[in-house]
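Breakdown of the fold
Okay, here's what each chain looks like letter by letter:
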Amino acid sequence: MFPSLVHRPWHVFCRVSLQHRASLSQRPPRLPQLCPQLCHGWQNGGVHGLWFSLPDCRVASLGLSKVQYYSTSGESNDGSPKSGDDPVTDQVLAATAKATGSVKGLTKAGTIQVKVRAVLKKREYGPKYTQNNFITAVRAMNEFCLKPSDLGQLRKIRRRSPHDDTEAFTVFLRSDVEAKALDVWGSHEALARERNLRKEVEREYQENIFRNQQLLKEYKDFWGNTKPRSGKRTTFLQGPGKVVMVAICINGLNFFFKLLAWVYTGSASMFSEAIHSLADTCNQALLALGISQSVRNPDAGHPYGFSNMRYIASLISGVGIFMMGAGLSWYHGIMGLLHPEPIQSLLWAYCILAGSLVSEGATLLVAISEIKKSAHLHGLSFYEYVMQSRDPSTNVVLLEDAAAVIGVIIAASCMGLTSLTGNPYYDSLGSLGVGTLLGTVSAFLIYTNTEALLGRSIQAERVQKLTEFLENDPAVRAIHDVKATDLGLSKVRFKAEVDFDGRVVTRSYLEKQDIDQILTDIQQVKTPEELENFMLKHGENIIDTLGAEVDRLEKELKQRNPEVRHVDLEIL
């Protein structure tokens, strides 16, 4: 209808919608006089509507027109566009005047109706608005150097607690706390000096604690430690800790007797077996350290605990097997091939290998029994439990003892061939075979524990179970970006983005309110300011209700799934 609209600039958009409104006899004949009024006062922080009458043109049904003007530049001081800066608007009005001029004289001049839509003024939030933030009593005393008696004189506000064991807690307005701090200390400079002084006192206090801990340790070493039995020691009386302690004792004895047999016979295979037992003993001692550290409680530096220490210890154990066990076995086997030496009587070596086979087999049976029990609790098969390295400490003992049993068989077979043929090369080949076996075990341990440390997801069936629980809640519309990570020790961290149903959340809020009182408050709203206060009051309460819904879902998710220790639900 208006060709000039095609060539509008980027910063101005003008839309004209026409509809039939009145009969031909009521149309004004002309409209050029409206241009100054139309070009003035259209924009002032919002959208204003302007209605004006046009003649009926029969061909193109022109009626009541509504002009909406949007601009990002070219405003005068009073908010109206500058004259001459809006060619599109001028062309639209010119075309309108031309259309009205074609029926000039048909009707009398009509009245102009102007209606302005009320729009709430946009508020600019500056740094001072953060003074409305809440601050806890601990932060108020630490950051503003106040005493509990100072806080007793301030306004107290009860807010929803983020902790499961506390329903609500008391907070203060940051502006009130800052004003009280200035009243107590007199100026910002005095407050800054007091902060620096307290930091220095805190540093000296920490140094004194460290010195006192050292003195207490020396005192206990001198008089004997009478501290009660720690709860950590109970971890070595059951489960993976028990398996590891049994393996340490047996492998330590095996190493001692194998070392004596190698000194007596000079067999390369026996030397490899002695090194194998030494590596197993050292690695299992490292596993015991990892188990001890993994049961420590979370602290400020490690909020998710130390459960990954088992995987770290198992990873280092795998590297130790490769470096100490496989490396020395290969070295001794290669030296035996290059410089063969005659072997003495192997009778004592056979006896020691037989005893080692029995002891290693007993440890292997203990590890297998423990893994079967744990796999049944997790609903996995024996093979899946081992391959996924759900319990790294027991897995290490299982693989090391299995390799030890196979290694004893290899060493005994090669020593028997050497005794029958008198050829020492078979014994050296046995040493190489034991080294290859240890290298394979170490590679598997390194791979599985690395995968666990990188953040491995739990089974898809368990993820689906957690997701279905959230989706079946009436307050949840959809679940997105679900992540469930295994933290070790049967601990799971669950994270998801939740799309909440605002109607259900609002209804949950209204169920706890006095509806008659809300209706009375609505009837008393007469001005935009009163409407803003009403909406801000209930809007803040609805946000608190949404936070309470998040807390409820997290609590129920942990109760239904005890393995889920950390839940992070993000509002989408």
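Provided above is the structure to which this section pertains.
Now for a look at the structure at hand. (Residues numbered from 1 in each chain as written. Predicted model: local features only at pLDDT ≥ 70, side-chain atom pairs only at ≥ 80, totals over all residues. Heavy atoms only, no water.)

**Details of the overall build of the protein**
From N to C terminus, the protein includes 17 helices and nine strands. For the protein, long-range pairs separated by at least 24 residues make up 72% of all intrachain contacts whose partners lie at least 6 apart in sequence. Of the roughly 33800 Å² that the protein leaves accessible, carbon and sulfur atoms contribute 59%. (Helix = DSSP H or I, 4+ residues; strand = E, 2+ residues; numbered from the N terminus. Contact = heavy atoms within 4.5 Å. Areas by Shrake-Rupley, 256 points an atom, 1.4 Å probe, with all protein chains shown as cover.)

**Points about the layout of surface pockets**
Considering only enclosed or pocket space, the largest pocket measures out at about 520 Å³ in volume. Around the largest pocket, the lining is made up of 26 residues, and of these His378, Tyr385, Arg390, Leu489 and Ser490 lie nearest the centre. Residue assignment for the lining of the largest pocket shows that the elements contributing at least two residues are helix H7 (239-265), helix H9 (309-338), helix H10 (347-378), strand E7 (476-488) and strand E8 (491-500). Per element, the largest residue contribution to the lining of the largest pocket is five residues, and it comes from H10. Across the lining of the largest pocket, the residue classes break down as nine nonpolar, seven polar and 10 charged. (1 Å grid on protein atoms, 1.4 Å probe; cavity = no way out; pocket = protein on both sides within 12 Å on 5 of 7 lines; lining within 4 Å. Points joined across faces, edges and corners; volume = space filled by probe spheres on them. Nonpolar A, V, L, I, M, F, W, Y, C, P; charged D, E, K, R; others polar.)

**A closer look at the pattern of salt bridges**
Here the structure, examined in full by the defined rule, presents 17 salt bridges. Among the salt bridges present, the one from aspartate 486 reaches arginine 456, with a minimum N-O distance of 3.6 Å. Note that aspartate 486 is positioned in strand E7 and arginine 456 in the loop between helix H13 (425-453) and helix H14 (460-471), a separation of 30 residues in sequence. As far as burial versus exposure is concerned, aspartate 486 and arginine 456 are alike and both buried. The partner of lysine 495 in a salt bridge is glutamate 497, and the shortest N-O contact between them spans 3.9 Å. It is possible to trace a salt-bridge network through shared partners that takes in Asp473, Glu549, Arg552 and Glu556. (Salt bridge = Lys/Arg side-chain N within 4 Å of Asp/Glu carboxyl O. Buried < 20%, exposed > 50% of the residue type's maximum accessible area, 1.4 Å probe, protein only.)

**Quick word on the sheet that holds strand E5 (residues 157-160)**
Strands sit in the order E4-E6-E5 across an open sheet of three strands; the sheet is antiparallel. Of all strands in the sheet, those bounded by a partner on one side alone are strand E4 (134-136) and E5. Recorded for the sheet is a direction-independent mean angle of 55° between the axes of neighbouring strands. The pairing of E5 with strand E6 (residues 168-173) spans four bridges and is antiparallel. Counted as the bridge partner of isoleucine 157 is valine 171 from E6. This element, helix H17 (residues 528-560), spans E4 and E5 of the sheet and lies at about 45° to E5. (Pairing = 2+ DSSP bridges. Axes fitted to C-alpha atoms, helices over the stretch in contact; angles between N-to-C directions.)

**A word on the side chain of threonine 545**
Along the chain, threonine 545 turns up in helix H17. By relative accessible area, threonine 545 is classed as buried at 11%. Among the polar contacts made by the side chain of threonine 545, one reaches the main-chain carbonyl oxygen of asparagine 541 at a distance of 2.9 Å. When residues no more than four places from it in sequence are discounted, the contact partners of threonine 545 are Val505, Ser508 and Tyr509. (Polar contact = N/O pair within 3.5 Å; in protein donor to acceptor, adjacent residues only side chain to side chain.)

**Thoughts on unusual backbone geometry**
Of note, the phi angle at cysteine 145 is positive, near 55°, even though the residue is not glycine. Topologically, cysteine 145 is positioned in the loop between helix H3 (137-144) and helix H4 (148-151). Since its relative accessible area comes to 2%, cysteine 145 is described here as buried. Here the phi dihedral of aspartate 481 falls at roughly 50°; this positive angle occurs in a residue that is not glycine. Positionally, aspartate 481 belongs in strand E7. Judged by relative accessible area, aspartate 481 falls into the partly exposed class, the value being 37%.

**Overview of the sheet that holds E8**
As summarised here, the arrangement of the three strands in space is E7-E8-E9, forming an open sheet in which the pairing is mixed. Of all strands in the sheet, those bounded by a partner on one side alone are E7 and strand E9 (564-571). On average, each strand axis in the sheet is inclined to that of its neighbour by 15°, with strand direction left out of account. Of the pairings in the sheet, the one linking E8 to E9 comprises seven bridges and is parallel in character. Looking at E9, one finds that valine 498 is bridged to isoleucine 571. Strand contacts of H14: E7, E8 and E9, with the helix running at about 145° to E7, the strand carrying the most contacts.

**Describing the environment of serine 359**
With respect to the element layout, serine 359 can be found in helix H10. Of note is the side chain of serine 359, whose polar atom sits 3.0 Å from the backbone oxygen of serine 356.

**Concerning the nonpolar core**
Val244, Leu287, Val397, Leu398 and Leu445 are the most contacted members of the largest nonpolar core, which totals 28 residues. In contact with leucine 398, not counting residues within four places along its chain, are Leu364, Ala367, Ile368, Ile371, Phe382 and Val386. Core analysis: the second largest hydrophobic core is formed by 22 residues, Ala475, Ile479, Ala496 and Val550 among them. (Core = buried A, V, L, I, M, F, W, Y, C linked by side-chain atoms within 4.5 Å.)

**Side note on the packing of aromatic side chains**
Tallying each qualifying case throughout the model produces two aromatic pairs. Between tryptophan 262 and phenylalanine 271, the aromatic rings sit 4.9 Å apart at their centres with planes inclined by 50°, giving tilted as the arrangement. Among the residues examined, tryptophan 262 registers a relative accessible area of 25% and is labelled partly exposed. Taking NZ or CZ as reference, arginine 195 lies 5.4 Å from the ring centre of phenylalanine 144, over its face. (Phe/Tyr/Trp six-rings, centres within 6.5 Å; stacked < 30°, edge-to-face > 60°. Lys NZ or Arg CZ within 6 Å of the ring centre and 35° of its normal.)

**Section: H7**
Taking 1.5 Å of rise per residue, 27 residues should cover 39 Å, and H7 covers 39 Å from first to last C-alpha, within 8% of that figure. Within H7, the full set of buried residues consists of Pro240, Gly241, Val243, Val244, Ala247, Ile248, Ile250, Asn251, Asn254, Lys258, Ala261 and Thr265. Buried residues along H7 sit in contact with helix H8 (268-294), H9, H10 and helix H12 (392-421). (Expected span 1.5 Å × (residues − 1).)

**A closer look at the packing of H14 against H17**
At a minimum axis separation of 11 Å, H14 and H17 run at an interaxial angle of 140°. Here H14 is positioned oblique relative to H17, judged by the angle of their axes. Between H14 and H17 lies a crossing of right-handed hand. Mapping the contact onto sequence places Leu466, Phe469 and Leu470 in H14 and Leu553, Glu556, Leu557 and Arg560 in H17. Per-class residue counts for the contact of H14 with H17 are five nonpolar, no polar and two charged. (Parallel < 35°, antiparallel > 145°, perpendicular 65-115°, else oblique. Left-handed = near helix turned anticlockwise from the far one by under 90°.)

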